[in-house]
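Reading the structure
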Amino acid sequence: MSDEPRMGFEEDIKPLFRETDRSRMEWAFDLWDYDAVKENASGILERLEEGDMPCDGAWPPDQIDMFRAWIDGGYVP
Ligand code: HEM
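Residues numbered from 1 in each chain as written. Predicted model: local features only at pLDDT ≥ 70, side-chain atom pairs only at ≥ 80, totals over all residues. Heavy atoms only, no water.

Remarks on the overall build of the chain
- Along the backbone of the chain there are five helices and zero strands.
- Reading the chain from its N end, one meets helices and strands in the order α-α-α-α-α.
- Taking 77 residues into account, the globule formula puts the C-alpha radius of gyration at 11 Å, and the chain, at 12 Å, falls close to it.
- Over its C-alpha atoms, taken along the principal directions, the chain stretches across nearly 40 × 25 × 20 Å.
- Within the chain, buried positions represent 31% of all 77 residues.
- Element-wise, carbon and sulfur atoms account for 49% of the exposed surface of the chain, whose accessible area totals about 5200 Å². (Helix = DSSP H or I, 4+ residues; strand = E, 2+ residues; numbered from the N terminus. Rg over C-alpha atoms; globule rule 2.2 N^0.38 Å. Buried < 20%, exposed > 50% of the residue type's maximum accessible area, 1.4 Å probe, protein only. Areas by Shrake-Rupley, 256 points an atom, 1.4 Å probe, with all protein chains shown as cover.)

In structure tokens form, the structure reads like this:
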């Protein structure tokens, strides 16, 4: 068992996506929807790591770590 708290979508991940992110990305997927983010998680992580999403400034590394931990933790809702 790890001491790391498990990341959950509703509590930890969804609040990282601003209303702007959601509306600018709605043509591709809904960043406030669990299933959509789970389905696109590897593509999202890639863009976050490259630092080219969000379009107006890269996330701080600790937020990217949170997103990665959510994937590694098995996509807790
Ligand atoms: C945390 C927030 C965001 C995430 C995780 C994200 C993620 C992504 C991903 C995964 C793609 C590729 C989608 C595909 O090709 O199917 C993409 C494309 C795109 N995103 Fe975002 N996005 C975010 C915020 C934004 C914002 C704020 C804008 C502002 C305009 C934006 C503009 C675009 C545009 C124009 C594209 C298509 C061009 C390209 O692929 O670079 N995104 N985004």
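Here's the deal with the site of the ligand
- As a matter of local geometry, the ligand sits amid 15 residues, with Asp21, Met25, Arg47, Met53 and Cys55 nearest to it.
- In this structure, an oxygen atom belonging to the ligand sits 2.7 Å away from a side-chain N or O atom of Arg47.
- Here the ligand occupies the largest pocket.
- Broken down by class, the residue content of the shell around the ligand amounts to 10 nonpolar, one polar and four charged. (Near = heavy atom within 4 Å. Polar contact = N/O pair within 3.5 Å; in protein donor to acceptor, adjacent residues only side chain to side chain. 1 Å grid on protein atoms, 1.4 Å probe; cavity = no way out; pocket = protein on both sides within 12 Å on 5 of 7 lines; lining within 4 Å. Sits in = over half its atoms within 2 Å of the grid points. Nonpolar A, V, L, I, M, F, W, Y, C, P; charged D, E, K, R; others polar.)

Examining the coordination of the iron atom of the ligand
- The iron atom of the ligand binds to the protein through Met25 (SD) and Met53 (SD), with metal-donor distances spanning 2.2 to 2.3 Å.
- Around the iron atom of the ligand, the six donor atoms are arranged such that angles at the metal cover 83 to 180°; this shape is classified as octahedral. Of this pair, Met25 sits in helix α2 (residues 19-25) while Met53 sits in the loop between α4 (41-50) and α5 (61-72); the two residues are 28 residues apart in sequence, bridging distant segments of the chain.
- Judged by its relative accessible area of 26%, Met53 falls in the partly exposed class. (Donors = N, O, S within 2.8 Å, 3.2 Å for Na, K, Ca; no water. Tetrahedral: all angles 85-135°; square planar, octahedral: opposite > 155°, others 65-115°.)

What to know about the layout of surface pockets
- Put simply, the largest pocket is a space of about 330 Å³.
- The wall of the largest pocket is formed by 19 residues, among which Met25, Phe29, Leu31, Met53 and Pro54 lie closest to the centre.
- Every element with two or more residues in the lining of the largest pocket is listed here: α2 and α4.
- Among the residues making up the lining of the largest pocket, the classes are represented as 12 nonpolar, two polar and five charged. (Points joined across faces, edges and corners; volume = space filled by probe spheres on them.)

A few points about the nonpolar core
- Counting 20 residues, the largest nonpolar core has Ile13, Val37, Phe67 and Trp70 as the members making the most contacts within it.
- Looking at this core, the elements that each hand over two or more residues are α1 (9-13), α3 (34-39), α4 and α5.
- Those residues in contact with Ile13, other than ones at most four positions away along the chain, are Met7, Gly8, Met66, Phe67 and Trp70. (Core = buried A, V, L, I, M, F, W, Y, C linked by side-chain atoms within 4.5 Å. Contact = heavy atoms within 4.5 Å.)

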